[in-house]
Amino acid sequence: MSANLLVRLLRGAVALGGNQRAIMSALGINDSSLRNPLNRLSSQLALRFLSTLEQHFGDPSVLLRVGDKADMQNFSDLGYATRLEANLASVIEANISIQALRQTMFRTSLDTTAKPPRLIWHCHLDLVTAYAPFIELSVATYARLSRQILAEPPLLRSVDFRHQPRFAIEKYEAAFGCPVRFSMPQTQMEIAARQLFRPSPHAQPVLLQAASA
């Protein structure tokens, strides 16, 4: 995982009332390891970080809220310019294209030909359970994009997870606003096409080209 992503998640935890110094101390790392946004952190450290957040708040479902708060704030974030894309589908695809810079624990893909369109998380079967907290966090992060881009809640048809629930299913459904199923063939999120392809009010092709270059 990139240091940039960890910093975003840490910022989201602090926005929820977390104590940054206590979280960093429990994790056993200092600020110097996070100053370069391209620094890479091991998958073991990434999972330990998520476990630390769960313990800090005393609630494993807190990661769904952290994902909702972990927003990009400035152009130092490599994904900031993606919000200038034409629509939500393009924003998601642009984020997917730079995913390897953020983390390589799993990958995502967007199937716009499916009815309804779906965002899919691909993870080795042997790692599905171990990576469950991070995958849940990622799903929450992508669900947040509709609020960021279109200023409205995500119109999700359903969310499926390959792993088993880690806490009450009602908490998942309250977070995503749709039916959530577990032990499914793949992890995926179905998004209403009318939301996915609606023109974005933030679309700026000239600025996007400059920022991308």
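This structure is a prediction, so every number in the text was calculated from the model and none was measured.

Conventions we followed
Residues numbered from 1 in each chain as written. Predicted model: local features only at pLDDT ≥ 70, side-chain atom pairs only at ≥ 80, totals over all residues. Heavy atoms only, no water. Helix = DSSP H or I, 4+ residues; strand = E, 2+ residues; numbered from the N terminus. Buried < 20%, exposed > 50% of the residue type's maximum accessible area, 1.4 Å probe, protein only. Salt bridge = Lys/Arg side-chain N within 4 Å of Asp/Glu carboxyl O.

*Asks:* I would appreciate a short explanation of unusual backbone geometry in the present structure.
*Replies:* In the segment running from Lys-115 into Pro-116, the intervening peptide bond is cis, with an omega of 0°. Here Pro-116 lies in the loop between strand E1 (107–111) and strand E2 (118–122). One non-glycine residue with positive phi stands out, namely Ala-151, at about 60°. Within the fold, Ala-151 resides in the loop between helix H7 (132–150) and strand E3 (156–160). Phi is positive for Ser-183, close to 55°, though the residue is something other than glycine. Among the structural elements, Ser-183 can be located in the loop between strand E4 (180–181) and strand E5 (187–191). Accessibility expressed as a relative area gives 47% for Ser-183, which makes it partly exposed.

*Asks:* Looking at this model, I keep getting lost on the pattern of salt bridges. Mind explaining?
*Replies:* It is possible for side chains bearing opposite charge to pair when their charged atoms get close. Evaluated as defined, the whole model comprises eight salt bridges. The partner of Glu-54 in a salt bridge is Arg-166, with the nearest N and O atoms 2.8 Å apart. Note that Glu-54 is positioned in helix H3 (residues 43–57) and Arg-166 in the loop between E3 and helix H8 (169–176), a separation of 112 residues in sequence. What makes Arg-166 partly exposed here is its relative accessible area of 27%. With a shortest N-O distance of 3.6 Å, Arg-118 and Glu-190 are connected by a salt bridge.

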